[in-house]
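Structural overview
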Amino acid sequence: MDAYSYTTVNVDPDGTASVDVTLRPDERVSLLCMRDRGQLVISHAQAHVTITPTNPTAPTAEDLAVARKLAELFARYAAEVERLHVLNGASAPGAPVDSAT
């Protein structure tokens, strides 16, 4: 499946709204970590996600805990994608998977 990203907004009959962003990026993904602001920006296709502390220039201890949790989860995500990549035929981490065409 080709890479794509999309945003969905759902509004329930009671007026409660939720927003979901799904990113399935390729090499066109844009990742930016703003120095001196503690801000992470992820953009792909027409989906844009900004992660920032409650006060980007003066983060709290809670902001730091969230940032560390995000880092831990991104590391787990990378490890899982690598594991699946190898499981599905890659000869070594980072090696491309041959397509059966």
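Scroll up to find the structure this text is about.
These lines cover the structure that appears in this document, whether it is placed above or below. Predicted model only: the values in this text are computed from it and were never measured.

About the thresholds
Residues numbered from 1 in each chain as written. Predicted model: local features only at pLDDT ≥ 70, side-chain atom pairs only at ≥ 80, totals over all residues. Heavy atoms only, no water. Helix = DSSP H or I, 4+ residues; strand = E, 2+ residues; numbered from the N terminus. Buried < 20%, exposed > 50% of the residue type's maximum accessible area, 1.4 Å probe, protein only. Areas by Shrake-Rupley, 256 points an atom, 1.4 Å probe, with all protein chains shown as cover. Salt bridge = Lys/Arg side-chain N within 4 Å of Asp/Glu carboxyl O. Pairing = 2+ DSSP bridges. Axes fitted to C-alpha atoms, helices over the stretch in contact; angles between N-to-C directions.

Describing the overall build of the chain
- Assigned secondary structure in the chain consists of 1 helix and 5 strands.
- Secondary structure of the chain in N-to-C order comes out as β-β-β-β-β-α.
- Out of the 101 residues in the chain, the part that is buried amounts to 11%.
- If you sum the accessible surface of the chain, you get close to 8,000 Å²; carbon and sulfur atoms cover 57% of it.

A look at the pattern of salt bridges
- Tallied over the full model, the rule gives 4 salt bridges.
- Here Glu72 makes a salt bridge to Lys69, at a shortest N to O gap of 3.8 Å. Of this pair, Glu72 and Lys69 both sit in helix H1 (residues 61-87), 3 residues apart, which is roughly one turn of that helix.
- Residue classification places Glu72 among the partly exposed positions, given a relative accessible area of 39%.
- Take Lys69: its relative accessible area is 41%, and that puts it in the partly exposed class.
- With a shortest N-O distance of 2.5 Å, Glu72 and Arg76 are connected by a salt bridge. Taken together, the residues span about one helical turn, with Glu72 and Arg76 both in helix H1 at a distance of 4 residues.
- Given the relative accessible area of 49%, Arg76 is considered partly exposed.

A word on the pairing of strand E1 (residues 4-11)
- Bridge count between E1 and strand E2 (residues 17-24): 8 bridges; the pairing is antiparallel. Its bridge partner being in E2, Val11 is matched across the sheet by Ala17.
- Counting the residues in the hairpin turn of E1 and E2 gives 5 residues, including Gly15, whose phi is positive at 95°.

Considering the sheet that holds strand E3 (residues 30-34)
- A sheet is described by the order of its strands in space; here 3 strands give the open sequence E3-E4-E5, paired in antiparallel fashion. Each edge of the sheet is formed by a strand with only one pairing partner; in this case those strands are E3 and strand E5 (47-51). Taking the axes of each pair of neighbouring strands and ignoring which way they run, one obtains an average angle of 10° across the sheet.
- In terms of strand pairing, E3 meets strand E4 (residues 39-44) through 5 bridges, oriented antiparallel. Across the sheet, the residue bridging to Met34 is Gln39, located in E4.

Any functional reading would require information beyond the geometric quantities listed.
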